[in-house]
Amino acid sequence: MTAAAGQAVMVGLGSARNLPVVRIAAQEAAAHGRSLHLVHAFDWAAAFAADTVAAPRDEAEDLIARANDLARDVEPELTVTGEIVEGPRVPVLLRRSERAFLLAVGDGGMATCADCVPADAPAVQLAARASCPVLVVRREPPPQGPVLVGVDGSPSSNRALEWALECAGRRNARLLALRVTEQDEDDDEVTRQLTEVVGRYAGRHPEVPTECHTIRGDPGGVLVEQSRSAQVAMVAARGDEPGRGMLGAVAQSLLYHAPSPVIVVRGMTDTAAQGA
């Protein structure tokens, strides 16, 4: 896993409802030794529909200022910058993600509204198309459980595993690596493979306690259930599903239904695992 040293953790600010995202993003930025960059996409169409054109712009500037203050309250030593960018939110954030270490956004309430999530929800579009990993933050704070990662043996899931180990180390948390098996798979062999790959990547992070488990069932459903006790769940954008689009079924299940924050790992350069 590689990322340019100067890349910041970026927060996509839509409205004041996104301020809880700033708190978690500030913690992530500090843990990774990164700066925090706040981005608000300014919609001129909405501005012209308001009573005065100046009011929406003033509200945008106030939102950036409030987010800045919150980030500094959470992490006083954190370098925080902000900008207001004219244009639709999703295209703006997709462009900015090309220079980001991590993009953090709110989920728009979709984890608590399973029957009313549009396919074009901004968080889903960003997780599917961003050039960096995407952190989707829930409205309720997560428990102080493990860092959960889904591993299916694909190169992209190995990148998610590497990211999860690094995050667990920075959070002083344990890692729970999960492989979901189907009926025709040999559980003992799958467990051996999972333990082997986790051991290879864990050699870089000997301080992180790790657990490996295999469970039979639907991968998305199992990971959603396990995420209920996790402080964050991580998954590759597509895993070993080459026939699907930019976002696989498991990633979609976690985005739509997991109560924990979710990091969809994408846009990273793979690196060879070092032996333990």
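Read on for an overview of the structure. (Residues numbered from 1 in each chain as written. Predicted model: local features only at pLDDT ≥ 70, side-chain atom pairs only at ≥ 80, totals over all residues. Heavy atoms only, no water.)

Attention shifts here to the overall build of the chain. When helices and strands are tallied, the chain shows nine helices and ten strands. Across the 276 residues that make up the chain, the buried fraction comes to 49%. Counting only contacts in the chain whose residues sit at least 6 apart along the sequence, the fraction spanning at least 24 positions is 79%. Carbon and sulfur atoms make up 49% of the accessible area of the chain, which totals about 12600 Å². (Helix = DSSP H or I, 4+ residues; strand = E, 2+ residues; numbered from the N terminus. Buried < 20%, exposed > 50% of the residue type's maximum accessible area, 1.4 Å probe, protein only. Contact = heavy atoms within 4.5 Å. Areas by Shrake-Rupley, 256 points an atom, 1.4 Å probe, with all protein chains shown as cover.)

We now examine the packing of helix α8 (residues 219-226) against helix α9 (residues 249-257). Between α8 and α9, the least distance of the axes is 8 Å, while the angle of their chain directions is 35°. Every pair of crossing elements has a handedness; the one defined by α8 and α9 is right-handed. Contacts between α8 and α9 involve P219, G220, L223 and V224 from the former and V250, S253, L254 and H257 from the latter. Residue composition of the contact of α8 with α9, grouped by class: five nonpolar, three polar and no charged. (Axes fitted to C-alpha atoms, helices over the stretch in contact; angles between N-to-C directions. Left-handed = near helix turned anticlockwise from the far one by under 90°. Nonpolar A, V, L, I, M, F, W, Y, C, P; charged D, E, K, R; others polar.)

What follows concerns helix α4 (residues 89-97). Listed in full, the buried residues belonging to α4 are V90, V92, L93, L94, R96 and S97. Those residues of α4 that are buried are in contact with β1 (8-13), β2 (36-42), β3 (80-86), β4 (100-106) and α5 (122-129).

Another point: the side chain of S156. Mapped onto the secondary structure, S156 falls in helix α6 (residues 155-171). Within the structure, S156 has its side chain in polar contact with the side chain of S154 (distance 3.2 Å). (Polar contact = N/O pair within 3.5 Å; in protein donor to acceptor, adjacent residues only side chain to side chain.)

It is at 10 Å that the axes of α4 and α5 come closest, and there the two elements cross at 30°. Regarding the angle of α4 to α5, the classification is roughly parallel. The handedness of the crossing between α4 and α5 comes out as right-handed. Note on element contacts: α5 touches α4 through P122, Q125, L126 and R129, opposite R89, V90, L93 and L94. Classifying every residue of the contact of α4 with α5 gives five nonpolar, one polar and two charged. (Parallel < 35°, antiparallel > 145°, perpendicular 65-115°, else oblique.)

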